[in-house]
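The chain contents come next:
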Amino acid sequence: MKKRSLIQKSIYAVITIFAVLVFNYLLFRVLPGDPLSMMMRNPKATPEMIEGMRQLFGLDQPWYVQLYLYFKNLLAGDLGMSFYFKQPVSSVIGARIMPTIIMVGLAEVVAIFAGIIIGLIAAWKRGTRIDVATLGFSLVTYSMPTFWLGMVIVVVFSVNLHLFPTSGILTPGMTYQTTGAMVADYIRHLILPTLTMSIVLIGEYALTMRNTLTDVLSEDYITTAKAKGFDNKYILRKHALPNAMLPMVTLIAINLGLVVGGTVQVETVFSWPGLGSLMYEALRARDYPLLQGVFLLVTVSVVVANFIADITYSYIDPRVKE
Amino acid sequence: MHYKEFRYRKLKEFFRAVKNNKMALFGSVTLMFFLLVAVFGPILMPFSTLDFGNVEDILLPPSGDHLLGTDDMGRDILANLISGSRISLLIGIMATLISMIIGCVIGIVSGYFGKRIDQLLMRFTDFFLVIPWLPLMMVLAAVLGTNIWNIIFVIGITSWAGTARIVRAQTLSVKERQFVERTISLGAGSKHIMLHHILPNVFPLVFANTVLVASIAIVSETTLSFLGLGDPSQASWGMMLHYAFESGAASAGAYWYYLPPGFCVVAVVLSFTLMGYAFDEILNPKLKGR
Amino acid sequence: MKKNKLLAWILALLVCISLAGCGGAQTTEGVNTFRIGTTTSIDTLNPLSSYMQVGFEVFLLIYDPLVRYDENFESVGSLAESWTSSEDGLTWTFNLREGVIWHDGEPLTSDDVKFTYDLMMENGLGYMYSSYLTGISAIECPDEKTVVIKTEEPKANMLMNTTPILPQHIWSEIDTEELELYTNASPVGTGPFKFDSSSEGVIKLVKNDAYFGTVPAMDECVFVSYSNTDTMAQALSLGEIDGAFNIGYAQKKQLDADENVTLISGEIPGFTQIGVNVWTDPASKGNPLLKDKAIRQAIDCAIDKQKMIDMVYGGEGSVGTTLLNPGQFYHYEPTAEELRSYNIEKANARLDQAGYMDTDGDGIREASNGSKLEFSLITIADNSDEIKAGQLIVSDCEKIGIGIKNETMDDGALYDKIISGDFDLFIWGWGGDIDPSVILELLTTGQIGANNEPHFSNAEYDALFLEQATMMDEKERQAAVFEMQRIAYDEAPYIILLYDNNLQAIRSDRWTGFKQIPAETGLFFLNINFDNYINIKPIVE
């Protein structure tokens, strides 16, 4: 079953990615407004100049030629020129990837770490106040608009307590004497967006951890282990935790779609120069190629992550059969 | 195995564990409160408070005249919240309706006909399940332009996939039941069976799911508005937060401006979520256990 | 236990980092950096295609024109040391300064000047400067240090031509087709500042020690763009930046109270207006009722502009009337009879008299053919001030039986709608200049499809525009310009809401030597004069 299922799932994933590509292309053709007028704020442009620009960007071709060119260029890794930044899309995106990876990566680590601990405590003290509080926290953070949480965090930590800067990635115009000073400055800017992002994720992870642990703890072999007189902590560490980690790993991958949405909001609130804020800027500037590039990258990553999670899950967990 | 289902199942188990009754009660009371406010609010609140104030009315802290203070245009925040509740709830409910209809149609058709149609429709559904919702909504809202009906449409069209999946699964099981098989053998048309036999049996499950979708819809509206993609002529809670952010209410210390709309959103979304799980428990006892 | 130890480490680290931050941002020993916050990021470093305000400011510092404005906005020599004009005013001779070198070490010659002007004129490039060059028919370079400019007609604004001179040895290498998209990633000029670097919305300039004029007192000047005015104000309060312009009106109170900050509000040339679609061409997709000036005038009269300024613009700015700013020599003040000040009764009477009545009692007036006085008003989605202004206009117009529906879109989409004449009303702004031609040209017939947003066309206005540009006598020119403004005010294709003020601030606890230009009413930055960038110096403790 496994091999066939793997091939089938791979085909599905490829189809989905292809659909994303076509969808992506079509969507951006129907955006309102003429991209040329955005690019050329030049009232005195001659018709020849405008024509020249059209040719340069391939806008003079019929749609199917444009679609063909789009796929051809895509395969060559060429995402086109950004109208607004007047640079290749790939290099604009390239410059913005790292901040997002660092921020989201750190937030994930913090959230997973905190989520596991909280979930563990809740599962262990099932039915107590701590358990209920975990559920409450998880539900409230789930219900909260991410940007609003960010706003409140800025007010508390920057405006009132003056602990961290309000926005950006480094103090502007700063000349650093040592690399250490720069890293410290970077970290100071990193903390609040990371905190916001983590809070959004912690509830989710804690809840999953708690539920899986509860399941695991009621399994026969745990009961057996208990009966054999093993120490509680030992049982948790050696038996329960490893088994509960599986759904966590899957959840992290599946969660990526949610994380993308959160990233757009967090980066906008904190002016964090990553992919999320780039997407927002591109949307505002009607920079089609750039928006298309970011959207593509994000969607394909999510599809791939889901695919990997799906495969991993069905391979490792024998209970999942489809 | 997808995110929403995954989460859904886990939460549901949790619920059972902590005796959901109190929470369901909390959810329904809160939601009822907001619905009543939305429906009767305009009768209760002073009618002139939505007009723009004068310069001296700008960003007043809470007082006897203005229980929750005023905003940056000198309007009463409480009155704004009340009128915002109508718009936010309207968007949430309408978007959910669209999502429910699309989800039901696709789910039932897919589950009933099976084979190729099922394959095709489920690919289509998967596509909408995996695409990150916020970027998709942002792009669609920008394409269509910012008015309230477009926003409803955008949210509806991007959030039906989970419903479709659940409906399909339920359709598959209903289809196998004897009475449906008997109806088929009696020569009833597909349309008739789907409408009169499958839909009524699928509906309880859809209803519970719908309530959950509503919570997503309201958060979505708030987020789109915050990003400047809301309808400027409709002062929803999301638009209030957008204006609060734009006018720097947060750093000006005008907590009465940026906190209440946020609390309202959290309260309503929370109650929808709580009720959704509760409904599911009550209406679908069959689904207990895996 | 291990876990606790880790937690303790994390906490300790957090505390250290936050404490390290409390000292505020200090610059490197011996180098003083002046950091200016702005709300717009630079679009490109290419002066031929840039149209953003901050670009203008950066080019002012990197490049030199032939003549500059001094602190009283009188023209003084920059690259040109002296100049003469012929009797008939058709030939101008500029003598260039000796020993001026480009930032890369090449000497400046008269060819650079000719090259720059020709480049812009031939290719129609240089959005922000092209209007300075109209009327020039030929440029000659008799020797390396002399530029002779010939015109067909006398050119009134010859000494207001502040076009930046670009180095021929760099720009002549670029293909004509690529000029507009050329990134100019590392601009080379002759100005008081050299370009250092640009990344992530931060542009860093360093002083040019070889500058022929006064060398700046600051070592580095850094422009930082912020995505919203609130964060910028916070950054200023926290000392992350040393100065700022385009400060939000909502942050005025907070910064006023900050004793480390000197906040000023100065008049900035230009205005915020409602553009009305008055296009008479059948291609116009606007509501045809707006072609009746009675309706336009009634709307103008019904808007409580002072209240709008107070509510939305923090009381900063003055009530708008004619095209040029009140402080300017060329500003025309409407007579008491012409003036349309806020008056609902008058606005209602104007509509009654023009025959627009509410016949069906729904609160909205109708024309005799039954069509309703309902219009859409477009505002730019990320301009919250203008959105709020739009909301006030809706409630004002309600009172005179005109229904307005607000709509928002991004500026690009609005630009397309304007160009194609597919709108009723919109709110946007224009930045002005010392030379009145820049603003006056907007409403000429030749600018339809370009900057003439309302698609306004008036033969008398067009004729006066051409005439005034050739009048060398200031009084005579003033009279012509007055008449143009009178026509535009009466026709009301633009309903000018207000003349904006710009809020600007400097950290006066750290810096000194700055002044408002012109004194009392002017600005620190954004005023086509760079004195503050030269003179601001750090306070040494």
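Calculation notes
- Residues numbered from 1 in each chain as written.
- Chains lettered and ligands numbered in written order.
- Predicted model: local features only at pLDDT ≥ 70, side-chain atom pairs only at ≥ 80, totals over all residues.
- Heavy atoms only, no water.
- Helix = DSSP H or I, 4+ residues; strand = E, 2+ residues; numbered from the N terminus.
- Buried < 20%, exposed > 50% of the residue type's maximum accessible area, 1.4 Å probe, protein only.
- Contact = heavy atoms within 4.5 Å.
- Areas by Shrake-Rupley, 256 points an atom, 1.4 Å probe, with all protein chains shown as cover.
- Rg over C-alpha atoms; globule rule 2.2 N^0.38 Å.
- Lys, Arg positive; Asp, Glu negative; His and termini not counted.
- Charge placed at Lys NZ, Arg CZ, Asp CG, Glu CD.
- Patch = residues over 30% accessible without salt bridge, like charges linked within 9 Å, V, L, I, M, F, W, Y side chains within 5 Å.
- Salt bridge = Lys/Arg side-chain N within 4 Å of Asp/Glu carboxyl O.
- Buried area = accessible area lost by both parts, 1.4 Å probe.
- Polar contact = N/O pair within 3.5 Å; in protein donor to acceptor, adjacent residues only side chain to side chain.
- Nonpolar A, V, L, I, M, F, W, Y, C, P; charged D, E, K, R; others polar.
- Pairing = 2+ DSSP bridges.
- Right-handed = clockwise from strand over helix to strand, strands pointing away.
- pLDDT = per-residue confidence, 0-100.
- Domains from an automatic or database assignment.
- Axes fitted to C-alpha atoms, helices over the stretch in contact; angles between N-to-C directions.

For the rest of this paragraph, the subject is the overall build of chain A. The helix and strand tally for chain A stands at 13 helices and 0 strands. Beginning at the N terminus, the succession of helices and strands in chain A can be written as α-α-α-α-α-α-α-α-α-α-α-α-α. Counting every position in chain A, which comprises 322 residues, the buried fraction comes to 53%. In chain A, the proportion of contacts linking residues at least 24 apart, taken out of those at least 6 apart, comes to 75%. As presented, chain A carries roughly 13,900 Å² of accessible surface, and 68% of it is formed by carbon and sulfur atoms.

On a plain count of helices and strands, chain C comes out with 15 helices and 21 strands. The globule rule puts the C-alpha radius of gyration for 541 residues at 24 Å, and the 26 Å found for chain C is close to it. By principal-axis analysis of the C-alpha atoms, chain C measures approximately 85 × 75 × 45 Å. Within the span of chain C, comprising 541 residues, buried residues form 57% of the whole. Within chain C, contacts between residues separated by at least 24 positions form 68% of all contacts whose residues are at least 6 apart in sequence. Here chain C has roughly 20,800 Å² of accessible surface; of this, 51% comes from carbon and sulfur atoms. Side-chain charges of chain C comprise 37 positive and 84 negative groups, with the mean position of each set lying 7 Å from the other.

What follows deals with a nonpolar patch on the surface. Residue and element names in this part refer to chain B. Where nonpolar side chains cluster on the molecular surface, the patch consists of Met-32, Leu-35, Leu-36, Val-39, Phe-40, Ile-43, Leu-44 and Ile-93 and spans about 800 Å² of accessible area. Considering every element that reaches the nonpolar patch, the biggest residue donor is helix α2 (residues 21–44), with 7 residues. Within the secondary structure, Leu-44 sits in helix α2.

A few words now on the interface of chain B and chain C. Counting residues at the interface gives 20 residues for chain B and 20 residues for chain C. When chain B packs against chain C, the two sides together hide about 1,700 Å² of surface, and 54% of this comes from carbon and sulfur. Counting the contacts that link chain B with chain C gives 1 salt bridge. For Lys388(C), the salt bridge identified is with Asp72(B), shortest N-O distance 2.6 Å. Run the count over chain B and chain C and you get 3 residue pairs in polar contact (both at pLDDT 80 or more). Broken down by class, the residue content of the side of chain B that touches chain C amounts to 7 nonpolar, 10 polar and 3 charged.

All names here are of chain C. Here the amide bond leading from Ile-517 into Pro-518 is cis, since omega sits at -10°, within 30 degrees of zero. With respect to the helices, strands and loops of the structure, Pro-518 is situated in the loop between β20 (511–512) and α15 (531–535). A positive phi angle is found at Asn-184, which is not glycine, with a value near 50°. Relative to the helices and strands, Asn-184 resides in the loop between α4 (168–171) and β8 (193–199). Although it is not a glycine, His-455 adopts a positive phi angle of roughly 60°.

Residue and element names in this part refer to chain C. Along strand β16 (residues 403–409), 5 of the 7 residues are buried, which leaves the element largely enclosed by surrounding structure. Both strand β15 (residues 374–380) and β16 contribute to a ladder of 7 bridges, which runs parallel. Across the sheet, Ile-380 pairs through a bridge with Met-409, a residue of β16. Between the parallel elements β15 and β16, the chain passes through helix α10 (residues 384–398) in a crossover that is right-handed.

Turning to the confidence of the model for chain A, a few remarks are in order. Confidence along chain A averages 80 in pLDDT terms, with 85% of residues attaining 70 or more. Confidence, expressed as mean pLDDT per element, reaches its minimum in chain A at helix α2 (residues 35–39) of chain A with 55 and its maximum at helix α5 (residues 89–124) of chain A with 90.

With that settled, the discussion passes to the domain arrangement of chain C. Residue and element names in this part refer to chain C. Taken as a whole, chain C is organised into domain 1 (13–48 + 191–260 + 508–538), domain 2 (67–171) and domain 3 (270–500). On a C-alpha basis, the centroid separation for the pair domain 1 and domain 2 is 30 Å. On the side of domain 2, 19 residues touch domain 1, which itself brings 19 residues to the contact. Of the roughly 1,500 Å² buried at the junction of domain 1 and domain 2 (both faces included), carbon and sulfur atoms supply 68%. Counting the surface domain 1 buries against domain 2, the share from its top three residues, Pro-47, Leu-48 and Phe-212, is 45%. Connecting domain 1 to domain 2 are 1 salt bridge. Summed over the shared surface of domain 1 and domain 2, the number is 6 residue pairs in polar contact (both at pLDDT 80 or more). Considered class by class, the residues forming the side of domain 1 that touches domain 2 number 11 nonpolar, 5 polar and 3 charged.

In this section: the interface of chain A and chain B. In many analyses, interface size is given as the accessible surface area lost on bringing the parts together. Facing 57 residues of chain A, the contacting portion of chain B comprises 50 residues. Applying the counting rule to chain A against chain B returns 0 salt bridges. Inspection of the region where chain A meets chain B yields 2 residue pairs in polar contact (both at pLDDT 80 or more). Here the side of chain A that touches chain B takes 9 residues from helix α13 (residues 288–316) of chain A, the largest share from any one element. For the side of chain A that touches chain B, a count of residues per class yields 39 nonpolar, 11 polar and 7 charged.

We now examine the pairing of strand β18 (residues 494–499) of chain C. All names here are of chain C. The buried count for β18 comes to 6 of 6 residues, which makes it a mostly enclosed element. Looking at chain direction, strand β13 (residues 270–276) and β18 are connected through 4 bridges and run antiparallel. Within β18, the position partnered with Thr-272 by the bridge is Leu-498. Of the strand pairs in this sheet, strand β14 (residues 318–319) and β18 are connected by 2 bridges, and their pairing is antiparallel. What sits directly across from Ser-318, in β18, is Tyr-499.

Right, let's get into the sheet that holds strand β1 (residues 33–38) of chain C. Residues and elements named next belong to chain C. One open sheet accounts for 7 strands, arranged β8-β9-β10-β1-β11-β19-β12; its pairing is mixed. The strands lining the two open edges of the sheet, one partner per strand, are β8 and β12 (261–267). By the bridge criterion, 6 bridges tie β1 to strand β10 (residues 220–225) in an arrangement that is parallel. Looking at the pairing, Ile-36 lines up with Phe-223 of β10. On top of the sheet, helix α2 (residues 53–62) reaches β1, β8, β9 (202–207) and β10; it is set at about 170° to β10, its chief contact.

Residue and element names in this part refer to chain C. A complete count under the given rule lists 31 salt bridges over all chains for this structure. With a shortest N-O distance of 2.6 Å, Asp-64 and Arg-68 are connected by a salt bridge. Assessed through its relative accessible area of 8%, Arg-68 is described here as buried. One salt bridge connects Glu-71 with Lys-515, and the closest N-O pair in it is separated by 3.0 Å. Of this pair, Glu-71 sits in the loop between β2 (67–69) and β3 (75–77) while Lys-515 sits in the loop between β20 and α15; the two residues are 444 residues apart in sequence, bridging distant segments of the chain. Its relative accessible area of 35% is what places Glu-71 among the partly exposed residues.

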